[in-house]
Each structure stands twice: as C-alpha cells, then as structure tokens.
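Here is how the chains run, residue by residue.
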Amino acid sequence: MDKILEQARETSVIEDADVVVIGGGPGGITAAVAAARQGCKTILIERYGFMGGLATAGLMGPIFGYTHYNGDGKLQLGSIPVEIVRRLQAIGGAPADDVIDWRAVQFDPELFKHIADAIVLESGVKVLLHSYVVDAVVKNKKIQAIIVESKSGRAAITGKTFIDATGDGDIAKFCNCPYTQGRAADGATQSMGTKFRIGGVTEEALHPTPEDKKKVCQAIDAGKIPAYHVFWGEISEQGVTLRNTEITPTVTRARGFGTNVYDLTKAEIKTRKDTLEIVDFYRRNIPGYQNCYLIDTPMTIGVRETRQVIGDYVLTGHDVLEYRKFDDTIARGNWFLDIHCPLGLYNSASNLCSKKCTIQPDCLMKRKHRDQLYDTLNAPVLDDPSQMYNDIPYRCLVPQGIDNLLISGRCISADHGGMASIRVIATCFAIGEAAGIAAYLGLKSGAIPRDIPVGSIQESLRKAGVPL
Ligand SMILES: Cc1cc2nc3c(=O)[nH]c(=O)nc-3n(C[C@H](O)[C@H](O)[C@H](O)COP(=O)(O)OP(=O)(O)OC[C@H]3O[C@@H](n4cnc5c(N)ncnc54)[C@H](O)[C@@H]3O)c2cc1C
C-alpha cells in the first residue's frame, strides 16, 4: 500500500491571537517581542521545550554579524537584539565587551534560554512549547488557522497575521507558497553540521604550534579524521566558549536536505560518530587535549539551508558582496557568504574547498570563484568602512500567494549566496524585529503586509534604535 486515507476530523481551536509567530529561534523571538510590545495579542509556538532555535539547541556562539565589519567595535544593529545581549551580559551569559573578534559577540547558549524566556514573557507574549505546527488552513489567500500537534493532541490556533520563523519555511510550504531550495545548478543545500562541547582542555590547547596545526591538517586531508577543518580555542575557528577550559568546534559536516527525515536521521548519527573520532584524535595527538572529554553533542543536528520562501524581492549573493543598499531596507547584514560545502566535503585549511569536485564545477565553494566573486572576507575596503554592510529589503519578508503571512529568519527570500550571509544569528534577530513591527502596523492600518508603507516600518524601527 503506497498511501492511506486519513479520516477527516473536527479540531478544537485552543488559542486566538492578533499575531501568531511560529518558531522560537532568533527570527521568532524578536518578531514576537516586537509585536507584543506594540500591544498586539501575540502567541509564539515552538516545537522544542525552550526557545533560541539553533542558537540554543545547537550549542551556538558567537552571535555573528553583531558589530561593524571594519572591527571598529560599533554595533551593526540596535534595539531588541542589543537588549538581548545586554541582558546576557548582566547574568554572565556574554562577555562585558561587545567585540571579541570577527564582528561577533560570544554568548552562553544555556543562559540564552533563560533570557529568551524572560524577554518574551515580560513582553506579554503567550508561549506554547512542545508544539509542532503541522499544517495551515487557508481560505481566500489568508491563513485562518495553523494546526499544532503536541502531547495534548491536535489543535488549531487562529490569528490575524502569521509570522513563519521556522527556519525551514514550514508554514509557507503548508500554504503552497513558492520557494526555492539550494544552489541554482542542482538544488543542493549547504551541508548540515554540529557544534559539540569538549571540556578539560588546558591553556596549551589555545596556543597551538604550527606543527600541531599541520598535524591536524594532514590527518584531515588524509581522511584520518572526519573534520572539515582544524580547531583551537580561537573565535575565528569558532572554538571559543565563555570558559577557557572548554571548546565548541564547528567541524562536522553531513550532506543532505534538512527537510528530509531520512537525511536528518543519517546526519544525526554520522555527526555523533564523527565527533568521537575527532575528539579522540585531538586527545591522543595534540598538547593541551590529553585530558579532554566530550561534554555533549547538541540536541539536534544543525541545519544551515532548506527552503527560501520567494518574496517580492530575492536577496542575492551579489547584493551582499556589493554592499547593496535598498530604499525599503528593514535590517542590515554584514556577514560573508558563509557556504558550507553541499557535498559535505572536507578541507583542512579553511572553509574553502580545494578538492577537484567534478559534480559541481562552478561551485561557490571553489577558491577560484570565491576569490573573484564570493569571498567577502577579502572584499574591497570602502573609503567609508561604516558602509560595509548590505541592506535587507522588506520585500524579502513578503511571500507570494498568501496575504497575512510574513517570513522571518533564515528562510526569507534569498538565493543560495544571499542566504549564506543572512542566516547568522544577529541578522535573523534584526529581520525578526522588522517582521514583528510590520505585523503590528498592518493590523493597525488594516493593510496586508505587501501594502504597508515601508516608511512607517522604518520609522518605527529607527525610533526603537535600529540603525537603518
Ligand atoms: C553547525 C552550525 C553552526 C552555526 N554557527 C553559528 C554561529 O556560530 N554564529 C551564528 O551567528 N550563527 C551560526 N549558525 C547559524 C544560525 O544558528 C542559524 O542560521 C539561526 O539560528 C537561524 O535562526 P532562525 O530563527 O531563522 O532559525 P532557527 O534558529 O532554526 O529557529 C527556528 C525555530 O523554529 C522551530 N520550528 C521549526 N519548525 C517548526 C514547526 N513546524 N513548528 C514549531 N516550531 C518549529 C525550531 O524548533 C526552532 O526553534 C550556525 C548554524 C549551524 C547549522
């Protein structure tokens, strides 16, 4: 039997809100807080038992894209994202200085869970955890309700405006909104991966000798360890935590689609296995790691790229590289095109792939293409370095086909290159706040998202302290 027919059933409506935010990650938290603070009755629905999305579930850090590109330490964003960092700092969940390195601020993912609870609840948002949104009921181009499954059973939640902050564009998919997935040539998405925590490293581990680095590189290139590059306790290799006896490397990779349950299953098992091998290699071979131990792997595989919901504008990699500005800007991004090989290939020296991959000759990971076009790490320095950011147009948040839906976070309208930049936490925070404000202004004026005068969104954001 290939298919079965499910029985039709009546489903109870358990909640009704002005603004329904689905997904409690960086793109959902700020959206919900922004809408609720404007007085909208707001509900946030999250499938896990805590908020923060990958920022907490994935043992993340640092918050990339937080400060200016040129390292002058000035903030790239304002308002709610900065409030989140200030609140983290107040409880020891982020270092006192904003800038560490790499336009980023470090944070403790565990403490971020607490700050997310506090800021969301204090803003008056109703939160429903352990609730997986599995469908949407649409009539006349408007979502009437979303359907949630939980231990309490199946239920409906009605609302006026819905914000899809699922990272995967789940809600847009349920509504049959058009979307793209992966690179244009073959649809392959960035590889999945994890961060994991190692404890018991000593100071020596943070200052590797060139010989140590070479040893790890050679082991990777010889296929002896399944890491895609070396790691130490340096932020540029994303290995640093708030404690100098711990390291959280980002070095595992698994190819596949983050919306395919078979690929997700394989990726979970592969990255867990790879983690043990990597930790064991460091323990046996690298000074400073002799007594290290694996504290934990994340509670979920990290998914970098899945669906990009097609909006009224598609942000491109070129927009990012050319620091393009838009009249309908609602947020700023300044992260490079951070593409992790869709084939999950490994290369020791850096994130760039030097392998002779015949499957995808024009792959953006190839050094020759990145040097020409796609490596903002080497992007030209502008006369005015404060202009080294790209705008994110409001049109990227407005999907096609549905009139009461906004998109937030990493699944906004962008191509493979554009999404590789906007997917970082700081940018998702900033996009979320704009989505929440737009939801409020639309309800206040009676306009559907597409028809809201963008000047009014920008005015509200600027008033809240967002640099635009
Ligand atoms: C391995 C890895 C390392 C990374 N490292 C960094 C880093 O160091 N710094 C950085 O800034 N960024 C990093 N990123 C990127 C960043 O963490 C994410 O891109 C960012 O969290 C995206 O935010 P989001 O809100 O769009 O999505 P998510 O963080 O994925 O949040 C989406 C939320 O929606 C929930 N959800 C999804 N579907 C449903 C549903 N159907 N019903 C109910 N709830 C649902 C999820 O449970 C989740 O909480 C990394 C990513 C990966 C994979």
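Residues numbered from 1 in each chain as written. Predicted model: local features only at pLDDT ≥ 70, side-chain atom pairs only at ≥ 80, totals over all residues.

## Notes on the overall build of the protein
So, step 1. From N to C terminus, the protein includes 12 helices and 15 strands.
So, step 2. The 468 residues of the protein split such that 51% are buried.
So, step 3. Residue pairs in contact within the protein that sit at least 24 positions apart in sequence constitute 75% of those at least 6 positions apart. (Helix = DSSP H or I, 4+ residues; strand = E, 2+ residues; numbered from the N terminus. Buried ≥ 20, exposed ≤ 12 C-beta atoms within 10 Å, placed from the backbone. Contact = placed C-beta atoms within 7 Å.)

## Regarding the nonpolar core
So, step 1. If you look at the biggest cluster of nonpolar residues, it comprises 121 residues, and the most contacted ones within it are Ile146, Leu397, Ala434 and Ala438.
So, step 2. Counting residues per element, this core draws most heavily on helix H11 (residues 425-445), at 14 residues.
So, step 3. Summarising the domain contributions, this core has at least three residues from each of domain 1 (13-183 + 391-464) and domain 2 (197-296).
So, step 4. In contact with Ala438, not counting residues within four places along its chain, are Tyr394, Leu397, Leu406, Pro449, Ile452 and Ile457.
So, step 5. Counting 5 residues, the second-largest nonpolar core is a separate cluster that includes Met192, Ala267, Ile301 and Val303. (Core = buried A, V, L, I, M, F, W, Y, C linked by C-beta atoms within 7 Å. Domains from an automatic or database assignment.)

## What to know about unusual backbone geometry
So, step 1. For the bond from Gly61 to Pro62, the omega torsion is 0°, close enough to zero to count as cis.
So, step 2. Examined against the element boundaries, Pro62 turns out to sit in the loop between helix H2 (54-57) and strand S3 (63-64).
So, step 3. Phi angles above zero are rare outside glycine, and Leu59 is one such case at about 55°.
So, step 4. Judged by C-beta crowding, with 24 C-beta atoms within 10 Å, Leu59 ranks as buried.
So, step 5. If you check the backbone angles, Ser79 has positive phi at about 60° while not being a glycine.
So, step 6. Within the secondary structure, Ser79 sits in the loop between S3 and helix H3 (80-90).
So, step 7. Under the C-beta neighbour-count criterion, Ser79 is labelled buried, with 22 such atoms within 10 Å.

## What to know about the packing of H3 against helix H4 (residues 109-122)
So, step 1. Relative to each other, H3 and H4 sit at 125°, their axes nearing to 10 Å. In this view, H3 runs oblique relative to H4, as classed from their interaxial angle. Where H3 crosses over H4, the two elements pack in a sense that is right-handed. For the pair H3 and H4, the contacting residues are Ile84, Arg87 and Leu88 in the first and Leu111, Phe112, Ile115 and Ile119 in the second. (Axes fitted to C-alpha atoms, helices over the stretch in contact; angles between N-to-C directions. Parallel < 35°, antiparallel > 145°, perpendicular 65-115°, else oblique. Left-handed = near helix turned anticlockwise from the far one by under 90°.)

## Topic: H11
Quick reminder: α-helices carry 3.6 residues per turn. Residues three or four places apart thus point the same way.
So, step 1. Look at H11: 30 Å from first C-alpha to last across 21 residues, which is about the 30 Å you get at 1.5 Å a residue.
So, step 2. Burial analysis of H11 places 19 of its 21 residues in the buried class, the great majority of the element.
So, step 3. At the C-terminal side of H11, Gly446 shows a positive phi close to 80°. (Expected span 1.5 Å × (residues − 1).)

## Some words on the site of the ligand
So, step 1. In the neighbourhood of the ligand, 41 residues make up the surrounding shell, with Gly23, Gly25, Gly53, Gly302 and Gly409 lying closest.
So, step 2. Every element with two or more residues in the shell around the ligand is listed here: helix H1 (26-37), H2, S3, strand S6 (132-139) and H11. (Near = placed C-beta within 6 Å.)

## Side note on the pairing of strand S7 (residues 142-150)
So, step 1. Relative to S7, S6 runs antiparallel, the two sharing 7 bridges. Across the sheet, the residue bridging to Val133 is Val148, located in S7.
So, step 2. Counted along the chain from S6 to the antiparallel partner S7, the turn is 2 residues long, and its residue Asn140 has a positive phi close to 50°.
So, step 3. Alignment of S7 against strand S8 (residues 153-164), held across 6 bridges, turns out to be antiparallel. Note that in S8 the partner of Val148 across the bridge is Ala155. (Pairing = 2+ DSSP bridges.)

## Focus: the environment of Val279
So, step 1. Mapped onto the fold, Val279 is located in helix H7 (residues 261-285).
So, step 2. On the basis of neighbour counts, which here come to 19 C-beta atoms within 10 Å, the residue Val279 falls in the partly exposed class.
So, step 3. Separated by 81 residues in sequence, Val279 and Ile198 have C-alpha atoms that sit 7.8 Å apart.
So, step 4. Ignoring any residue separated from it by four or fewer positions in sequence, one finds Val279 in contact with Ile198, Cys292 and Leu294.

## Quick word on helix H6 (residues 210-221)
So, step 1. Between its terminal C-alpha atoms H6 stretches 16 Å, which fits the 16 Å expected from 12 residues at 1.5 Å a residue.
So, step 2. For H6, every residue scored as buried is listed here: Asp212, Val216 and Ile220. The buried residues of H6 occupy one face: seen down the axis, they fall within an arc of 75°. Of the exposed residues in H6, those oriented more than 90 degrees away from the buried face are Pro210, Glu211 and Gln218.
So, step 3. Phi turns positive, to about 75°, at Gly223, one or two residues after H6. (Arc of directions from axis to C-beta.)

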